[in-house]
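Coordinates in review
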Amino acid sequence: MTLVPHTHWDREWYEPFDVFRERLIAMMDTLLDLGASGFPHFHLDGQTAMVDDYLDARPEREPDLRRLAADGRLSLGPWVTQVDEFLTSGETHIRNLEMGLARARELAVATEIGYLPDQFGHVGQMPQILREAGIERAVVWRGVPRSIDRTAFRWEAPDGSPVVAEYLAFGYFLGHDIGRFEDPAALANAIRSKLEEVRPFLAADRALIMVGADHAGPDAALPDRLAAAEPLLPDASVGIASLQEHVDAPDPPALPVWRGELRSSARAHLLPNVYSARASQKRERGRAETLIERYAEPLAALVPGFAWPADRLERAWTLLLWNGAHDSVCGCSHDRVAADVDERNAEVRDLGEAVVAEALASLATNVETAGVLRFNPSPFEREGVPGLGWRVEPSLPPTREEPVRPTVAEGWVEADGIAFRLLDEPDVGDLYNFCPADPAQAPSPPRRLEADGAWVLAAWDGLELALRMSRRAGEPFVRLEGEVRNERPDHRLRLHIRLADEASGSLAGSPFELVERGLVSEGGDLEAPSPTWPARHLVLAGGVAAFHEGVFEYEVSPNELAITLLRCVGTISRPSLSTRPWPAGPDVATPQAQMLGAASFAVALRPAATADGLLRDRERFALPLRTVPAPGGGTLPGTGTLLEVSGDAELSSVRRVQGRVEVRLWNPWKDHPARGSIGGRKVELAPARIETLRLEDG
């Protein structure tokens, strides 16, 4: 049996960052002193952010930390933070791993394990992301389905990339109470009890027990107490070791296999409704990631003569990673934390917009034609502007809209081949889980629903919604943009779209994947099966597609697709719910999460939709062309491309790495390759592959 002393450190959660940092400083002071006196090992939660937060306050302790990490007494990395995998982009996962590994190696040695102890489920492409970073082992807890009944399994990405995953079937806190047992016999009995608890799941003759809990420090006396208890455990070999030492043992034979995402609550809370908590932050997160990934970095990398703004982009990514931590980005935290997240998002936008403005201004001074320069962030032509290119017009052409005139009949709004209704219902849940006030409750239509030109107006007691429907020339979808004004607590407002065909599941966006899902996830004793799911940018069901700027919560029934516009609750966690009998955190009041006041939203709906073209439609919806005045007099032509990218692979990022242009593409199709070219260089991506290419002339 391997005992791994550790802490799980939420940078911020039921208290703001400043409060937790004071605890962190005290914990790390004790840990470094203890390590210097011989404590064998302590696992620092797989993230470097807590190390840097500590060193910001105690820079004089860096030599001590480096020495202990180099001696194997502390584990560092591989992540910067423990981000929520469904609420952050594929690029965020890659940069999180890249920056975390680099920082850990700069300090000493990186722990090369995909340590993922508390995320609310895992994206299907995580094994491929880990393998591309050279990592072949993972450690997971939440989300593992009931069919995986061993403490080790082979987890495969959609392209077949495998990692061997250690499954913490009883969580990262199974050994949290070992410190209570001072008597050797009592400690031996406690260890024997833990072993018996995990024995039915063991994939081999070794067990892993994580000894620690949230925001906990080291148990200084554990090594001595364990030495006294060992003679009382003649049939077990028990020792303190690192996670790396445990997973580096030979793989057990005949491991069970799971391919794709892990979204089951069979043995642990999945907490599925964090994806609608503080919904406006989910939209803003998507906008911020898109700004950096698809505007700021590509322009900075490709505009001739523009200097790569390394410091500003590194700062933007650091802020995105801090905000991506699973309690921060999920919105399931103290109201002060939510305010801090908003402030960081605002700084990311300021940094990104400044880079975009400077790079576009630089490009505009280099074109020969005076007028208005329009930049297209997509790799394909849009509105006459080449992919990843520019076009100078004499003046800004007007946005051409085709008229959309909704009508209202029997509670449904219909226009241009789509039909939807608006329903509101009580929610007595918390920031983790939706919960109806009555199991038999029926959602309420608005007491007033009318169409006025392109506008739809709806009202309930204490709740009003106004949305404008529009379609731009050539677009196959209808835009729904508007505002909700909310004056009452504890409810959920959803947009219900009528499906053209009966649905038995959905196709939804996820990091580097279009994932097929059923109607309801697997549940368990700790949490009811959930019909709601997260979608990154898009979902397709029953012949209708919906598009969004970030991540949104959806539910599919055979005849309707429901999208959550607003979910209003007032506490982090209630002690018990009908949808989750046990608490998922502290019952800390969060009045700001009741979303009182005004909140804007924007979605687009496409009728007669198929999987083909979904991702391009999403780009047309969420990635607008940018404009800047062009003085003329330069040497570049009036239209051109900064980088030619063609084919059916999807673009994730363009940036500079060590002075060279790096392009990342991904193939959304699991049944056939994606072919194309980059700058005249032919590329082919195998099904579901993510590929990163360095351009020779960068």
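Check the entry above for the structure.
A short tour of the structure in this document, coming up.

The rules behind these values
Numbering of residues begins from 1 in every chain and follows the order in which that chain's sequence is written. With pLDDT at 70 or above as the cut-off, local features in this predicted model cover only qualifying residues; side-chain atom pairs require 80 or more to be listed or tallied, and sums for whole chains, interfaces and linings still use all residues. Values reported for side chains reflect all heavy atoms of the structure, with hydrogen atoms and water molecules removed beforehand. Note on pairing: two strands pair once DSSP finds at least 2 bridges between them. In this description a helix means any DSSP run of H or I spanning at least four residues, a strand means any run of E spanning at least two, and both kinds are numbered starting from the N terminus. Orientation is described by axes fitted as lines to C-alpha atoms, over the contacting stretch for helices, and by angles from 0 to 180 degrees between their N-to-C directions. Residue contacts are counted whenever heavy atoms from the two residues lie within 4.5 Å of one another. The definition of a nonpolar core used throughout is a set of buried Ala, Val, Leu, Ile, Met, Phe, Trp, Tyr and Cys residues joined through side-chain atoms within 4.5 Å. Burial classes follow relative accessibility: with a 1.4 Å probe on protein chains only, a residue under 20% of its type's maximum area counts as buried, one over 50% as exposed, and anything between as partly exposed. When the centres of two rings from Phe, Tyr and Trp lie within 6.5 Å, Trp using its six-membered ring, the rings pair. Their planes under 30 degrees apart give stacked, over 60 give edge-to-face, and anything left gives tilted. Distance and angle both matter: a charge sits over a ring if NZ of Lys or CZ of Arg is within 6 Å of the ring centre and within 35 degrees of the ring normal. What counts as a salt bridge is simple: a side-chain nitrogen of Lys or Arg found within 4 Å of a carboxyl oxygen of Asp or Glu. Here, a disulfide means two cysteine sulfur atoms that sit within 2.5 Å of each other. Note on terminology: angles under 35 degrees are roughly parallel, angles over 145 are roughly antiparallel, angles of 65 to 115 are roughly perpendicular, and the others are oblique. Rotating anticlockwise by less than a right angle from the far helix to the near helix defines a left-handed crossing, while the corresponding clockwise rotation defines a right-handed one. Amino acid classes used here: Ala, Val, Leu, Ile, Met, Phe, Trp, Tyr, Cys and Pro are nonpolar; Asp, Glu, Lys and Arg are charged; the rest, including Gly, are polar. Every helix has an expected span of 1.5 Å times one less than the residues it contains. Polar contact criterion, stated in full: a pair of N or O atoms within 3.5 Å, where within protein one must be able to donate a hydrogen and the other to accept it, and residues adjacent in sequence count only if both atoms are side-chain atoms.

Digging into the sheet that holds strand β12 (residues 389–393)
One open sheet accounts for four strands, arranged β28-β11-β12-β29; its pairing is antiparallel. The open sheet has two edge strands, β28 (626–630) and β29 (639–641), and neither has a second partner. Between one strand and the next, the sheet's axes are offset by a mean angle of 20°, whatever the strand orientation. Relative to β29, β12 is paired through three bridges, and the arrangement is antiparallel. Looking at the pairing, G389 lines up with T641 of β29. Where helix α12 (residues 335–366) meets the sheet, its contacts fall on β11 (371–375), β12 and β28, and the angle it forms with β28 comes to roughly 45°.

Quick look at the nonpolar core
Soluble globular proteins tend to pack their nonpolar side chains together in the buried interior. L373 and L665 are the most contacted members of the largest nonpolar core, which has 134 residues in total. Counting residues per element, this core draws most heavily on helix α9 (residues 279–302), which supplies nine residues. Setting aside its immediate chain neighbours within four residues, L373 contacts L360, L363, A364, V367, W390, R391, V392, R626, T627, V628 and A630. Counting residues in hydrophobic clusters, the runner-up holds 42 residues, among them V404, I418, L463 and V484.

Things to note about the packing of aromatic side chains
Under the defined criterion, the tally for this structure stands at twelve aromatic pairs. Judged by centre distance (5.2 Å) and plane angle (85°), the ring pair of Y14 and F20 falls under edge-to-face. Ring centres 6.5 Å apart and planes at 55° place the aromatic pair F552 and Y554 in the tilted group. On the basis of relative accessible area, F552 is assigned to the buried category, the value being 3%. By relative accessible area, Y554 is classed as buried at 0%. Three or more aromatic residues link up through ring pairs in this structure, and these residues are W13, Y14 and F20. Its guanidinium or amino end placed over the ring of F17, R11 lies 4.2 Å from that ring's centre, counting from NZ or CZ.

Observations concerning the pattern of salt bridges
As enumerated under the stated definition, the model contains 66 salt bridges in all. For the salt bridge of E289 with R285, the shortest nitrogen-to-oxygen distance reads 3.0 Å. One end of the pair is E289 and the other is R285, both in helix α9 and four residues apart, which spans about a single turn. A relative accessible area of 1% means that E289 is categorised as buried. One salt bridge in this structure joins R675 and E684, with 3.1 Å as the shortest N-O distance. Several salt bridges converge on common partners, so that one network encompasses E91, R95, E98, E297, R655, E662, R664 and R694.

Observations concerning the sheet that holds strand β1 (residues 2–5)
Ordered by their spatial adjacency, three strands build an open sheet running β8-β1-β9, and the pairing between neighbours is parallel. Of all the strands in the sheet, the pair left with one neighbour each is β8 (208–211) and β9 (239–240). Across two bridges, the pairing between β1 and β9 is parallel. In the strand pairing of β9, L3 is matched with I240.

Structural notes on the state of the cysteines
This structure, assessed with the given rule, holds zero disulfides. This cysteine, C568, is not joined by any disulfide, and C435 carries the nearest cysteine sulfur, 15 Å off. Residue class for C568 comes out buried when judged on its relative accessible area of 0%.

Considering the packing of α9 against helix α10 (residues 310–324)
Relative orientation and spacing of two packed helices are given, respectively, by the angle between their axes and the distance between those axes. At a closest axis distance of 11 Å, the pairing of α9 and α10 adopts a crossing angle of 155°. Judged by the inter-axis angle, α9 sits roughly antiparallel to α10. Of the two possible hands of crossing, α9 and α10 adopt the one that is left-handed. Where α9 approaches α10, its residues R285, A288, E289, I292, E293, A296 and E297 are matched on the opposing element by L313, A316, W317, L320, N323 and G324. Considering only residue class, the contact of α9 with α10 consists of seven nonpolar, two polar and four charged.

Remarks on helix α6 (residues 184–198)
Here α6 contains 15 residues, and its C-alpha end-to-end distance of 21 Å stays within 8% of the 21 Å for a straight helix at 1.5 Å per residue. Contacts made by the buried residues of α6 are with β8 and α7 (222–229). The N-cap of α6, judged by a side-chain oxygen 3.0 Å from the amide nitrogen of A185 a few residues on, is D183.

What about the pairing of strand β25 (residues 544–556)?
Of all 13 residues in β25, 13 are buried; the element is thus mostly enclosed. Summarising the sheet, strand β24 (residues 532–541) and β25 pair through nine bridges and their orientation is antiparallel. Bridging from a neighbouring strand, R536 pairs with V551 of β25. Adjacent in sequence and paired antiparallel, β24 and β25 are bridged by two residues, among which G542 carries a positive phi angle near 55°. Relative to strand β27 (residues 597–606), β25 runs antiparallel, the two sharing three bridges. Residue pairing across strands places A545 opposite R606, the latter belonging to β27. Two elements, β25 and strand β26 (residues 560–568), share three bridges in a ladder whose sense is antiparallel.

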